[in-house]
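# Commentary on secondary and tertiary structure
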Amino acid sequence: MTMMRVLVSNDDGIHSPALKSLVQWLSQRAEVYLLAPASEQSATSQAITMRHPLAFRKIDFPGCQAAYIVNGSPADCVKLGLEVLIDQPVDWVMSGINLGDNIGQYIYYSGTVAAAVEASLHGVPAMAISARKSEQGQIDYNYILPQLTKIWHTLSQISLPEYCFYNINLVKQEQLTTSKIIVAPLNQTELRFEYQAYRTPKDEPVYWLHRSDQNVVDKSDLERVLAGYTTITPIQLASTPRSFWQALQEVFDAES
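Residues numbered from 1 in each chain as written. Predicted model: local features only at pLDDT ≥ 70, side-chain atom pairs only at ≥ 80, totals over all residues. Heavy atoms only, no water.

### Comments concerning the overall build of the protein
If you tally the helices and strands in the protein, you get six helices and 11 strands. In terms of C-alpha radius of gyration, the protein reaches 20 Å, essentially the compact-globule figure of 18 Å for 256 residues. For the protein, the spread of C-alpha atoms along the principal axes amounts to about 60 × 50 × 45 Å. Residue pairs at least 24 apart in sequence account for 77% of intrachain contacts in the protein once pairs closer than 6 positions are excluded. One way to put it: in the protein the 19 positive side-chain charges average out to a point 5 Å from where the 26 negative ones average out. (Helix = DSSP H or I, 4+ residues; strand = E, 2+ residues; numbered from the N terminus. Rg over C-alpha atoms; globule rule 2.2 N^0.38 Å. Contact = heavy atoms within 4.5 Å. Lys, Arg positive; Asp, Glu negative; His and termini not counted. Charge placed at Lys NZ, Arg CZ, Asp CG, Glu CD.)

As structure tokens, then:
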């Protein structure tokens, strides 16, 4: 039986322990091709490199058919892999495991999620995988990987709609309230950031993003994760609403 071919990337960079853990786990289930940023690319969203050359270097990485370090963003990594470096069809793209969750409006800023978005733009099924950290800032891989095994066994057999991907948030062990996995909608409320004001040595005002909050919507991905559930959220990329563009065209036609 031919194994699936999976491209792996992340936004925490090539040295992330969560990336090593994901590749080791996945290598038992698929052929793994790794393209990861040379440095952390958190909150880079869908940025791609255009103003300087995109460099890459092939490396040895346990569990991989081929692995590369890329001096770019997660989206760069997926584009370079699918369009240039991997000369065979890719069955899935897996991004992560992110060190911390990606829930609600945060996904629009996430480099982890952006890698899955880029895969979807190429017509390749994808999942962005994140994990809640403990109060000590750690992730229990021995606990979260069995969750991922259950999810992969199911999702790898389901056909995704066009331009869709999965956003997955795995919960930490001490938070668990049930072994049930919840399919939850995105927490669609405004995400507000708090900025801390500082002065430079030249007495110029600057601001540093300090923290952020979003209201919790009942039964959303945020509410479910806070309650201790692992969540799966199918995300479909933005498209033009047909009924609205037709109505809008009628407005302009009437004014012609």
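### A short note on helix H4 (residues 141-155)
The first and last C-alpha atoms of H4 sit 20 Å apart over 15 residues, in line with the 21 Å expected at 1.5 Å per residue. Those residues of H4 not exposed but buried are Tyr-143, Ile-144, Leu-145, Gln-147, Leu-148, Ile-151, Trp-152 and Leu-155. The N-terminus of H4 is capped by Asp-140, whose side-chain oxygen sits 3.2 Å from the backbone nitrogen of Asn-142. (Expected span 1.5 Å × (residues − 1). Buried < 20%, exposed > 50% of the residue type's maximum accessible area, 1.4 Å probe, protein only. Polar contact = N/O pair within 3.5 Å; in protein donor to acceptor, adjacent residues only side chain to side chain.)

### Examining the UniProt feature "binding site: a divalent metal cation" (unreviewed entry) in the protein
Listed under "binding site: a divalent metal cation" (unreviewed entry) in the UniProt record, and renumbered for this structure, are Asp-11, Asp-12, Ser-42 and Asn-98. With the annotated positions falling across 88 residues, the maximum pairwise C-alpha distance of 9.2 Å places them together in a single cluster. Its place among the elements puts Asp-11 in the loop between strand S1 (4-9) and helix H1 (17-26). On the accessibility criterion, Asp-11 (2% relative accessible area) is buried. Contact partners of Asp-11, with chain neighbours within four places excluded, come to Ser-39, Glu-40, Gln-41, Ser-42, Ala-43, Pro-74, Asn-98, Ser-110, Gly-111 and Thr-112. With respect to the element layout, Asp-12 can be found in the loop between S1 and H1. Beyond its immediate stretch of four places on either side in the chain, Asp-12 contacts Glu-40, Ser-42, Ile-97, Asn-98 and Leu-99. (UniProt positions renumbered as here; feature names shortened; annotations may be inferred.)

### Focus: the sheet that holds strand S2 (residues 30-37)
On the basis of which strands lie adjacent, the open sheet formed by nine strands has the order S3-S4-S2-S1-S5-S6-S7-S11-S8 and mixed pairing. Whereas interior strands pair on both sides, the edge strands pair on one side only; in this sheet they are strand S3 (56-59) and strand S8 (181-183). The average undirected angle you get between the axes of adjacent strands in this sheet is 20°. Sheet topology places strand S6 (residues 126-131) next to strand S7 (residues 164-170); five bridges connect them, and they run parallel. From the neighbouring strand, Ala-131 faces S7, where its bridge partner is Leu-170. Where helix H2 (residues 74-85) meets the sheet, its contacts fall on S1, S2, S3, strand S4 (66-70) and strand S5 (92-99), and the angle it forms with S2 comes to roughly 130°. The strands touched by helix H3 (residues 111-121) within the sheet are S5, S6 and S7, with S6 carrying the most contacts at an inclination of about 170°. (Pairing = 2+ DSSP bridges. Axes fitted to C-alpha atoms, helices over the stretch in contact; angles between N-to-C directions.)

### Quick notes on the packing of H1 against H4
The geometry of H1 relative to H4 is characterised by a closest axis approach of 11 Å and an angle of 45° between their N-to-C directions. Our classification of the angle between H1 and H4 gives oblique. Taken as a pair, H1 and H4 cross one another with a handedness that is right-handed. Residue-level inspection shows Pro-17, Ala-18, Ser-21, Leu-22 and Trp-25 of H1 in contact with H4, the latter providing Tyr-141, Leu-145, Leu-148, Thr-149 and Trp-152. Partitioning the contact of H1 with H4 into residue classes produces eight nonpolar, two polar and no charged. (Parallel < 35°, antiparallel > 145°, perpendicular 65-115°, else oblique. Left-handed = near helix turned anticlockwise from the far one by under 90°. Nonpolar A, V, L, I, M, F, W, Y, C, P; charged D, E, K, R; others polar.)

### Examining the packing of aromatic side chains
For any pair of aromatic rings, geometry is given as the distance between the ring centres together with the angle between the planes. Under the counting rule described, the total for this entry stands at five aromatic pairs. Centroid distance Phe-56 to Tyr-68: 5.9 Å. Interplanar angle 70°. Geometry classified as edge-to-face. Residue Phe-56 is located in strand S3, and its partner Tyr-68 is located in strand S4; the two are separated by 12 residues in the primary sequence. Overall, the relative accessible area of 10% leaves Tyr-68 in the buried class. Taking 6.4 Å as the distance between ring centres and 65° as the angle between the ring planes, the aromatic pair formed by Tyr-198 and Trp-208 counts as edge-to-face. Of this pair, Tyr-198 sits in strand S9 (residues 191-199) while Trp-208 sits in strand S10 (residues 205-214); the two residues are 10 residues apart in sequence, bridging distant segments of the chain. (Phe/Tyr/Trp six-rings, centres within 6.5 Å; stacked < 30°, edge-to-face > 60°.)

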